Amino acid sequence: MNLAELGWSDFFAKSFEPLSTRGFVPARASREHNRVYSVIAEEGVFSAEVSGRFAYDAASKKDFPAVGDWVAIQPESGGGRATIHAVLPRKSAFVRKTAGARTEEQVVAANVDIVFLVSGLDGDFSVRRIERYLTAAWDSGASPVVVLNKADLCADVEERAREVESVAFGVPILSVSAKEAQGMAALREQIGQGKTAAFLGSSGVGKSTLINGLLGVSRQEVQDVRGDDSRGRHTTTYRELVVIPGGGLVIDTPGMRELQLWSDGDGLERTFEDIEERAAECRFRDCRHESEPGCAVRRALEEGELDEGRWRSYLKLRKELDYLASRQDQSARLVEKARWRKIAMEVRRIEKNKQSRGDR
Ligand code: GDP
Ligand code: ZN
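Residues numbered from 1 in each chain as written. Chains lettered and ligands numbered in written order. Predicted model: local features only at pLDDT ≥ 70, side-chain atom pairs only at ≥ 80, totals over all residues. Heavy atoms only, no water.

1. Quick look at the overall build of the chain
At step 1: Looking only at helices and strands, one finds 11 helices and 13 strands in the chain.
At step 2: Out of the 360 residues in the chain, the part that is buried amounts to 45%.
At step 3: Expressed as a percentage of contacts within the chain between residues at least 6 apart in sequence, the contacts between residues at least 24 apart total 67%.
At step 4: Accessible area of the chain: about 19200 Å², with a carbon and sulfur share of 48%. (Helix = DSSP H or I, 4+ residues; strand = E, 2+ residues; numbered from the N terminus. Buried < 20%, exposed > 50% of the residue type's maximum accessible area, 1.4 Å probe, protein only. Contact = heavy atoms within 4.5 Å. Areas by Shrake-Rupley, 256 points an atom, 1.4 Å probe, with all protein chains shown as cover.)

Next comes the structure, spelled out in structure tokens:
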């Protein structure tokens, strides 16, 4: 397998340089199951796990390899196994909070260049939802492209595209019909050689149909040819990073499909640039845009310059993000607390040792 075809570029080559001297080779993670990875290298596909050292040093889930990551591996002699020693810095990452009482970040797809935000032009169509996905896209570092699918079911495609245009400043908008293979060439064009694409969108909007269209085969046929898992049992496993015939790659992971909104970047600000700009004109810097005098946002709403629906959508997202941020703070505080407890115990132990030595 040619590295460039897998998405290798100067960006990764640069950070790999110091690792190559240690006899490691670069590989891209194409699948993950219980921290057992399929990685593709120039030499072929390996089943790989992180080294003990790596696991010991990893501070959080985010540090472990994710599908799409470039890793430094050491192949074991005589067999398709390898050890992962490092994860190269990511160009972009889709992150979601993991389930459980504590909020922890987990990367669900790494090094995605283009993310297709898919909506159905049928009953599912919602500009508000597209705003949400745009926020997630900007936060990831990947470039968004809006895909309006099921054009065959819609009588006013242009009208819908205009609606989207008003919320997706400068973002390419494609209308396609995956079912009738309309507009697929434009989709391919957006991806390009060696670039990695991913799809975001609600269930049923046609993501699988689009991916199948790109690959020119059904997903069933793309299943991992090795077909064996760590226990050597035959299972139906999908490679989650797939090379598109003709160029480019697609990442399709379960985690990506259930991505929850998670933001610590400026995604919200960029999606709602118009609102942020107005808010900057409010008389008070900490204006909550409720009943404060000289509020530019309320004025825009009253004068109909700012759409009420868009404003509500912004408030809802703000609230969700604030909630997530507070959860994040809380877990950070817990980690900090545990760290201090450990330090305090260590200090006490040293004091005690000193005392017992002094007693002698
Ligand atoms: P996913 O959940 O986003 O992966 O959606 P699927 O690809 O499974 O598609 C959901 C349903 O929508 C299936 O029944 C598809 O046949 C149908 N579908 C997908 N694309 C189109 C399209 O362009 N036009 C129409 N009419 N139906 C489509
Ligand atoms: Zn205000």
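2. Concerning the site of ligand 1
At step 1: Around ligand 1 there are 16 residues in total, and Asp-152, Gly-204, Lys-207, Ser-208 and Thr-209 lie nearest to it.
At step 2: For ligand 1, an oxygen atom lies 3.2 Å from a polar atom in the backbone of Lys-179.
At step 3: Burial of ligand 1 by the protein chains amounts to 74% of its free accessible area of 580 Å².
At step 4: Among the elements that take part in the shell around ligand 1, helix 6 (residues 207-215) stands out by supplying 3 residues, more than any other.
At step 5: A class-by-class count of the residues in the shell around ligand 1 yields 3 nonpolar, 8 polar and 5 charged. (Near = heavy atom within 4 Å. Polar contact = N/O pair within 3.5 Å; in protein donor to acceptor, adjacent residues only side chain to side chain. Nonpolar A, V, L, I, M, F, W, Y, C, P; charged D, E, K, R; others polar.)

3. Quick notes on the pattern of salt bridges
At step 1: Inspection of every chain in the model, using the stated rule, returns 14 salt bridges.
At step 2: With a shortest N-O distance of 3.2 Å, Asp-57 and Arg-53 are connected by a salt bridge. Placement of the pair is Asp-57 and Arg-53 together in helix 2 (residues 52-57), with a separation of 4 residues, close to one helical turn.
At step 3: For Arg-53, a relative accessible area of 58% puts it in the exposed group. (Salt bridge = Lys/Arg side-chain N within 4 Å of Asp/Glu carboxyl O.)

4. Considering the packing of helix 5 (residues 184-191) against helix 6
At step 1: For the pair helix 5 and helix 6, interaxial distance at closest approach is 11 Å and the crossing angle is 80°. The angle between helix 5 and helix 6 places the two elements in the roughly perpendicular class. Listed contacts from helix 6 to Met-184, Leu-187, Arg-188 and Ile-191 of helix 5 are Leu-210, Gly-213 and Leu-214.
At step 2: When grouped by side-chain class, the residues that make up the contact of helix 5 with helix 6 number 5 nonpolar, 1 polar and 1 charged. (Axes fitted to C-alpha atoms, helices over the stretch in contact; angles between N-to-C directions. Parallel < 35°, antiparallel > 145°, perpendicular 65-115°, else oblique.)

5. Focus on the sheet that holds strand 11 (residues 196-200)
Picture the strands of a sheet paired through backbone hydrogen bonds; they go either parallel or antiparallel.
At step 1: Across the sheet, 6 strands lie side by side as 10-9-8-11-13-12; this open sheet has mixed pairing. Each having just a single partner strand, strand 10 (173-175) and strand 12 (241-243) make up the two edges of the open sheet. Across the sheet, the mean angle separating the axes of adjacent strands is 25° when strand polarity is ignored.
At step 2: Packed onto the sheet, helix 6 meets strand 8 (114-120), strand 9 (143-149), strand 11, strand 12 and strand 13 (249-251) and runs at close to 155° relative to strand 11. (Pairing = 2+ DSSP bridges.)

6. Focus on the sheet that holds strand 5 (residues 81-87)
At step 1: Strand order in this closed barrel of 5 strands is 1-2-3-5-4, and the pairing throughout is mixed. Averaged over neighbouring strand pairs, the angle between their axes works out to 50° when direction is ignored.
At step 2: When strand 3 (residues 44-50) meets strand 5, the two strands line up parallel, connected through 4 bridges. Residue pairing in the sheet places Glu-49 in a bridge with Thr-83 of strand 5.

7. Focus on the coordination of the zinc ion (ligand 2)
At step 1: Protein-derived coordination of the zinc ion (ligand 2) comes from Cys-282 (SG), Cys-287 (SG), His-289 (ND1) and Cys-295 (SG), at a distance range of 2.1 to 2.4 Å.
At step 2: Around the zinc ion (ligand 2), the 4 donor atoms sit at angles spanning 101 to 115°, and that spread fits a shape best called tetrahedral.
At step 3: Along the chain, the residues donating to the zinc ion (ligand 2) are arranged with the sequence spacing C-x4-C-x1-H-x5-C. (Donors = N, O, S within 2.8 Å, 3.2 Å for Na, K, Ca; no water. Tetrahedral: all angles 85-135°; square planar, octahedral: opposite > 155°, others 65-115°.)

8. Thoughts on helix 5
At step 1: Three or more residues of helix 5 are buried, namely Met-184, Leu-187 and Ile-191. With its buried residues spanning 55° around the axis, helix 5 presents them on a single face. Looking at helix 5, the residues exposed on the side facing more than 90 degrees away from the buried face are Ala-185 and Glu-189. (Arc of directions from axis to C-beta.)

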